Amino acid sequence: MPALVLLGAQWGDEGKGKATDLLGGSVDYVVRYQGGNNAGHTVVVGDQKYALHLLPSGILSPGCTPVIGNGVVVDPSVLLSELSGLNERGVDTSKLLISGNAHIITPYNVTVDKVTERFLGKRKIGTTGRGIGPTYSDKINRVGIRVQDLYDESILTQKVEAALDVKNQLLTKLYNRRAIAVDQVVEELLAYAEKLAPYVTDTVLVLNRALEENKVVLFEGGQGTLLDIDHGTYPFVTSSNPTAGGACTGAGVGPTKISRVIGILKAYTTRVGAGPFPTELFDADGEALRRIGGERGVTTGRDRRCGWFDAVIARYATRVNGLTDFFLTKLDVLTGWEEIPVCVAYEIDGKRVEELPYSQSDFHHAKPIYETLPGWSEDITKAKSFSDLPKNAQNYVKALEEMSGAPISAIGVGPGRDETIEINSFL
Ligand code: GDP
Ligand code: IMO
Ligand code: MG
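The structure presented is a predicted model; accordingly, all values stated were derived computationally and were not measured. (Residues numbered from 1 in each chain as written. Chains lettered and ligands numbered in written order. Predicted model: local features only at pLDDT ≥ 70, side-chain atom pairs only at ≥ 80, totals over all residues. Heavy atoms only, no water.)

Peer 1: Explain the layout of surface pockets to me, and be specific about the residues and the numbers.
Peer 2: One number sums up the size of the second largest pocket: a volume of about 600 Å³. What lines the second largest pocket is a set of 27 residues, among which Thr42, Gly293, Arg304, Lys330 and Pro415 lie closest to the centre. Looking at the lining of the second largest pocket, the elements that each hand over two or more residues are helix 1 (16–24), strand 3 (41–45) and helix 9 (284–293). No other element matches the four residues that strand 3 contributes to the lining of the second largest pocket. Taken together, the residues of the lining of the second largest pocket sort by class into six nonpolar, eleven polar and ten charged. (1 Å grid on protein atoms, 1.4 Å probe; cavity = no way out; pocket = protein on both sides within 12 Å on 5 of 7 lines; lining within 4 Å. Points joined across faces, edges and corners; volume = space filled by probe spheres on them. Helix = DSSP H or I, 4+ residues; strand = E, 2+ residues; numbered from the N terminus. Nonpolar A, V, L, I, M, F, W, Y, C, P; charged D, E, K, R; others polar.)

Peer 1: Go over the coordination of the magnesium ion (ligand 3) with me, naming the residues and quoting the values.
Peer 2: Looking at the magnesium ion (ligand 3), one finds its protein donor set to be Asp13 (OD) and Gly40 (O), positioned 2.0 Å from the metal centre. Within this pair, whereas aspartate 13 is found in the loop between strand 1 (3–8) and helix 1, its partner glycine 40 is found in the loop between strand 2 (29–32) and strand 3, the two being separated by 27 residues in sequence. Using a relative accessible area of 14% as the deciding quantity, one classes glycine 40 as buried. (Donors = N, O, S within 2.8 Å, 3.2 Å for Na, K, Ca; no water. Buried < 20%, exposed > 50% of the residue type's maximum accessible area, 1.4 Å probe, protein only.)

Peer 1: If you had to explain the nonpolar core to someone new, which residues and values would you point to?
Peer 2: Among the nonpolar cores identified, the biggest contains 60 residues, and Phe219, Leu289, Leu331, Leu334, Leu389 and Tyr396 are the most heavily contacted of them. Ranked by residue count, the leading element in this core is helix 12 (residues 391–404), at six residues. Other than its neighbours up to four places away in sequence, phenylalanine 219 contacts Ala3, Leu4, Val5, Leu6, Val31, Tyr33, Ala247, Ala251, Val253 and Ile258. Among the nonpolar cores identified, the runner-up in size contains 39 residues, and Leu55, Leu86, Val147 and Leu156 belong to it. (Core = buried A, V, L, I, M, F, W, Y, C linked by side-chain atoms within 4.5 Å. Contact = heavy atoms within 4.5 Å.)

Peer 1: Please set out the site of ligand 1 residue by residue, giving values where relevant.
Peer 2: Within the structure, ligand 1 sits among 19 residues, and Lys16, Gly17, Gly40, Thr42 and Asp332 are positioned closest to it. Glycine 15 places a main-chain nitrogen or oxygen 2.9 Å from an oxygen atom of ligand 1. A distance of 3.5 Å separates an oxygen atom of ligand 1 from a polar atom in the backbone of valine 413. The cavity where ligand 1 resides is the second largest pocket. Taken together, the elements giving at least two residues each to the shell around ligand 1 come down to helix 1 and strand 3. (Near = heavy atom within 4 Å. Polar contact = N/O pair within 3.5 Å; in protein donor to acceptor, adjacent residues only side chain to side chain. Sits in = over half its atoms within 2 Å of the grid points.)

Peer 1: Hey, could you go over the site of ligand 2 for me, with residue numbers and the actual values?
Peer 2: Close to ligand 2 lie 21 residues, the nearest being Asp13, Lys16, Thr128, Gln223 and Thr238. Separating an oxygen atom of ligand 2 from a backbone N or O atom of valine 272 is a distance of 3.1 Å. Both of domain 1 (3–91 + 202–422) and domain 2 (103–198) provide at least three residues apiece to the shell around ligand 2. (Domains from an automatic or database assignment.)

What follows is the structure, encoded as structure tokens:
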């Protein structure tokens, strides 16, 4: 089973960082395949807490080679400060590999992200403001800057000129901002070239060779299924493909190589930024989930919107990703509720709907239909096996599994590496 994909089954922040870190000790490579420093992954190792944005969570496992694949967008200043932050804490980052085909988030992409959000006003997406959308937009428009361009000054200058041609018109004439000088951008980008050089390589070749040698490769998604540009709640999505197919395009590995796809699933639901969220709570329960679950963004510090578990979404994630397993996280957060509602279907225009509607208008006014499951009050954070869980917690997990369409192979009962119940081994 050499190639596994680990991805978010909801709207991000499901606990992918912890799950990746947990497996990191047993895998040879951990690969980010999409997104950029819009991601925020918290990993707790012993009494140490790490916040990672761009680096794969496998960076904390000494035997593991972390890889930033071609599908990722890289802000060099963020990358370098993340690396030096880890080095200061004694983490060896020298094994990192970066694809020369990954696109660079330039300073003007960050500017454009911020001004377009401001211009959207009430209709804004609530992006992380990190330049993600504009960088992917440049990539698709074929005016993007790639990591390898840092090593050819003449090409870099031509490309920055081409990218700024239209953008400066927009910035000055539409957005009322100052034009951005080509030379200044080129100079800033060239300053990163030498520092990044030791890491830059043909990661597609490296990963395919590793798979031929039966090495274990873990592809770590950023964001989540419902934030996917194709399969998410468009336009309230990110600008890449966190879903399983993205691992193939974003790392240059064929689909025949992928042996297992693990969906990280929170025992309730959260979302950051704008967009529909049928089970969102605006009452004391929502506030309690936020407080007990520590639901505050790692990247932007925004409070996460919180709601009950939504099985319609989980089934959808199983389908579009071909999930083989779920890793259920944060079950401990639900301790103390007498009863726990779970959304099993939606009501749309008076009709019961079992699956995610493809029409955006329908989804925007989908009302959750709840079934209520009995809760538990015992502390579960020390549970090491499924049978250690109180009966009602076991039944909650079994009910979620039945509704969601794939086996739950691990359960998180706390943020630490060892606060995990393993049911089926992932490797
Ligand atoms: P990611 O973006 O998917 O990696 O998730 P985040 O790191 O943004 O958010 C998940 C948060 O939940 C982090 O603070 C984790 O430390 C924490 N966490 C992960 N798994 C568990 C769990 O099983 N129980 C609890 N209580 N916290 C967890
Ligand atoms: P991790 O990897 C949760 C959301 C933003 C916004 C939308 C688009 O930690 O799960 P973008 O800056 O990507 O153009 O913003 O996507 N978003 C996330 N929400 N977790 C994330 O990452 C996210 N990355 C982006 O809030 O609604
Ligand atoms: Mg996160």
